[in-house]
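Fold and contact review
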Amino acid sequence: MVRLTVDLVAKSINHKNRKEESLAQYLRKITHLNLSDKNIDTIDDLSLCRNLNVLYLYDNQIRQIHNLCFASNLTHLYLQNNCISCIENLTSLKKLEKLYLGGNYITVVEGLETLEELRELHVESQRLPLGEKLLFDPRTLHSLAKSLSVLNISNNNIDELGELALLENISHLIAVDNQLHHVKP
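Positions within a chain are numbered from 1, following the residues in the order the chain's sequence is written. With the structure being a predicted model, the display of local features is reserved for residues of pLDDT at least 70 and the display and counting of side-chain atom pairs for 80 or more, all residues being used for whole-chain, interface and lining totals. Only hydrogens and water are removed before side-chain values are computed, so all heavy atoms of the structure are retained for them.

Remarks on the overall build of the protein chain
A helix here means a DSSP run of H or I that spans at least four residues, while a strand means a run of E at least two residues long, and both kinds are numbered starting from the N terminus. Looking only at helices and strands, the protein chain features three helices and 11 strands. In sequence order, the protein chain lays out its α and β elements as β-α-α-β-β-β-β-β-β-β-β-α-β-β. We compute the radius of gyration from the C-alpha atoms alone; for a globule the expected value is 2.2 Å times N to the 0.38, where N is the number of residues. Over its C-alpha trace the protein chain gives a radius of gyration of 18 Å, about what one expects of a compact globule, namely 16 Å for 185 residues. Counting only C-alpha atoms and orienting by the principal axes, one finds that the protein chain spans roughly 65 × 30 × 20 Å. Residues are treated as being in contact if the distance between any of their heavy atoms lies within 4.5 Å. Nonlocal contacts in the protein chain, meaning residues at least 24 apart in sequence, comprise 33% of its contacts between residues at least 6 apart. On the protein chain, roughly 9700 Å² of surface is accessible, and the fraction owed to carbon and sulfur atoms is 47%. When the 19 basic and 23 acidic side-chain charges of the protein chain are each reduced to a single mean position, those positions are 9 Å apart. Surface exposure here means Shrake-Rupley accessible area, sampled with a 1.4 Å probe, where a residue is shielded only by the protein chains that are shown. Within this scheme the basic residues Lys and Arg register as positive and the acidic residues Asp and Glu register as negative, but His and the chain ends are omitted. For this purpose, a charge sits on NZ of Lys, CZ of Arg, CG of Asp or CD of Glu.

What follows is the structure, encoded as structure tokens:
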């Protein structure tokens, strides 16, 4: 497996030791980083990349969200199609607006209470145990009530949407391929 380290970042951005700036200086300036489909299983210390706005880590083998507390400027985080079972360690991402977690092993949407700027949450197609449905922690729903405008919960065996009524600013609810029989306006 592959650890996401500063060395891996350096290789992926193809920084050719420019004479005018060191690698550390360059890493401090980058705002977008695409490390998708690199077989990464662990996120190591990337604190040199403190100005990241967008981080693409989809299609890897990541099991745990951690070591992102340095990324206080992050607005978009792409973690689809990994091996994540718990939403955690995102409290320092105060500017996060879009979070993509589709295709993981998440059974409960939780741990998002401090993300007051979160506008989009994508948790579609979780690899749930047979007969299970995606659940929502009430604290998380309350904290997202005013900010969340897009929610994708497709293909998660959900059989009712009543608890989502708290989300007063939803403009796009994507809930296809669930077990919904009645939807009240």
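Points about the nonpolar core
Among buried residues, those of type Ala, Val, Leu, Ile, Met, Phe, Trp, Tyr and Cys that are joined through side-chain atoms within 4.5 Å constitute a nonpolar core. Only protein chains enter the accessibility calculation, which uses a 1.4 Å probe. A residue is then buried if its area is under 20% of the maximum for its type, exposed if over 50%, and partly exposed in between. With 51 residues, the main nonpolar core has Val9, Leu77, Leu112 and Leu121 as its most contacted residues. Breaking this core down by element, the ones donating at least two residues are α1 (6-13), α2 (23-29), β3 (40-43) and α3 (138-144). Per-element tally for this core: the top contributor is α1, with four residues. In this view, Leu121 contacts Leu99, Val109, Leu112, Leu144, Leu148, Val150, Leu151 and Asn152; residues no more than four positions away in its chain are not counted.

Side note on the sheet that holds strand β11 (residues 172-174)
Taken in spatial order, the seven strands of this open sheet run β2-β4-β5-β6-β8-β10-β11, and their pairing is parallel. Strands at the two margins of the open sheet, each flanked by one partner only, are β2 (32-34) and β11. When strand polarity is set aside, the average angle formed by the axes of neighbouring strands in this sheet is 0°. The pairing of strand β10 (residues 150-152) with β11 spans three bridges and is classified as parallel. Pairing between strands is defined by DSSP: at least two bridges between them are needed. What counts as an axis is a line fitted to C-alpha atoms, over the stretch in contact for a helix, and the angles between N-to-C directions run from 0 to 180 degrees.

Here's the deal with α1
Those residues of α1 that fall on the buried side of the exposure criterion are Val6, Leu8, Val9, Ala10 and Ile13. For α1, the elements touching its buried residues are β1 (2-4), α2, β2 and β3.

Some thoughts on the packing of aromatic side chains
The aromatic pairing rule takes the rings of Phe, Tyr and Trp, using the six-membered ring of Trp, and pairs them if the centres are within 6.5 Å, calling planes under 30 degrees apart stacked, those over 60 edge-to-face and the rest tilted. All chains considered together, the criterion is met by three aromatic pairs. Judged by centre distance (4.4 Å) and plane angle (5°), the ring pair of Tyr78 and Tyr100 falls under stacked. With Tyr78 in strand β5 (residues 76-78) and Tyr100 in strand β6 (residues 98-100), this pair connects stretches of sequence that are 22 residues apart. Residue classification places Tyr100 among the buried residues on the basis of a relative accessible area of 15%. In this structure an aromatic cluster arises from ring pairing among Tyr56, Tyr58, Tyr78 and Tyr100.

Overview of unusual backbone geometry
Unlike most non-glycine residues, Asp37 shows phi in positive territory, near 55°. Tracing the backbone through its elements, the reader meets Asp37 in the loop between β2 and β3.

Describing the side chain of Thr140
Within the element layout of this structure, Thr140 appears in helix α3. A relative accessible area of 1% places Thr140 in the buried class. At a separation of 3.4 Å, a polar atom in the side chain of Thr140 contacts the main-chain amide nitrogen of Gly111. Polar contacts here mean pairs of N or O atoms no more than 3.5 Å apart (in protein, one a potential hydrogen donor and the other a potential acceptor; neighbouring residues in sequence count only if both atoms are side-chain atoms).

A word on the environment of Asn34
With respect to the helices and strands, the residue Asn34 is situated in strand β2. For the pair Asn34 and Leu121, spaced 87 residues apart in the sequence, the C-alpha separation amounts to 20 Å. Residues within four places of Asn34 in sequence aside, it is in contact with Tyr56 and Tyr58. Engagement of the side chain of Asn34 in a polar contact is seen with the side chain of Ser36, the distance being 2.8 Å.

Quick notes on the pattern of salt bridges
The term salt bridge refers to a side-chain nitrogen of Lys or Arg lying within 4 Å of a carboxyl oxygen of Asp or Glu. Tallied over the full model, the rule gives seven salt bridges. Its salt-bridge partner being Arg3, residue Asp44 comes within 3.0 Å of it at the nearest N-O pair. Note that Asp44 is positioned in the loop between β3 and β4 (54-56) and Arg3 in strand β1, a separation of 41 residues in sequence. Since its relative accessible area comes to 22%, Asp44 is described here as partly exposed.

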